[in-house]
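What follows is the residue order along each chain.
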Amino acid sequence: MTHFALTRAWGALVGLSLLAAAFSAGLPTRVAAPVIVLLALFKARLILSDYLDLRSAPAWRRGFTMVLVLFCGLVLGLYFTG
């Protein structure tokens, strides 16, 4: 992984974090919660792909992504039923 790619990934993580903060401040909770969980999913996938270098192991990346999607779905399901 090159220095530029890691810097780009870091910038994307900062941008996604700022976007999540903006959604949490400006939207009702029922609308903001799914958006924030989706942004967290994007951030986790970015970390897995770029920082843990799973981009070079697509099967592992797919497996981790599937687990993350199921976990985020469970979290949102519990949030909306609770």
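Everything that follows concerns the structure shown earlier in this document.
All of the points below concern the structure found in this document. Computed from a predicted structure; not experimentally measured. (Residues numbered from 1 in each chain as written. Predicted model: local features only at pLDDT ≥ 70, side-chain atom pairs only at ≥ 80, totals over all residues. Heavy atoms only, no water.)

Applying the stated criterion to the full structure yields one salt bridge. When the shortest N-O distance is used, the salt bridge between Arg55 and Asp50 registers 2.6 Å. With relative accessibility at 46%, the residue Arg55 sits in the partly exposed group. (Salt bridge = Lys/Arg side-chain N within 4 Å of Asp/Glu carboxyl O. Buried < 20%, exposed > 50% of the residue type's maximum accessible area, 1.4 Å probe, protein only.)

What follows deals with the side chain of Ser49. Locating Ser49 in the fold gives a position in helix H2 (residues 29–51). Relative accessible area serves as the criterion here: at 4%, Ser49 is assigned to the buried category. At 3.4 Å, the side chain of Ser49 and the side chain of Arg61 are in polar contact. Apart from the residues lying within four places of it in its own chain, the contact partners of Ser49 are Leu54, Arg55 and Arg61. (Helix = DSSP H or I, 4+ residues; strand = E, 2+ residues; numbered from the N terminus. Polar contact = N/O pair within 3.5 Å; in protein donor to acceptor, adjacent residues only side chain to side chain. Contact = heavy atoms within 4.5 Å.)

This part is about helix H3 (residues 58–81). Across its 24 residues, H3 extends 34 Å between first and last C-alpha, which sits within 8% of the 34 Å expected from 1.5 Å per residue. Inspection of H3 places Arg61, Thr65, Cys72 and Leu76 among the buried residues, and these make up the whole buried set. Contacts from the buried residues of H3 go to H2. (Expected span 1.5 Å × (residues − 1).)

Turning to the environment of Ile47, a few remarks are in order. Mapping Ile47 onto the fold places it in helix H2. Assessed through its relative accessible area of 36%, Ile47 is described here as partly exposed. It is 7.9 Å that separates the C-alpha atoms of Ile47 and Ala9, two residues lying 38 residues apart in sequence. Sequence-distant contacts of Ile47, defined by excluding residues within four places in its chain, comprise Leu13 and Leu52.

Note: α-helices contain 3.6 residues per turn, so residues at a spacing of three or four share the same orientation. With 23 residues, H2 should reach 33 Å at 1.5 Å per residue; the first-to-last C-alpha distance of 31 Å fits that figure. Among all positions in H2, only Ala32, Ala33, Val37, Leu39, Leu41, Leu46, Leu48, Ser49 and Asp50 are buried. Turning to H2, the residues buried within the fold contact helix H1 (3–26) and H3. After H2 finishes, the residue Asp53 shows a positive phi value of roughly 55 degrees.

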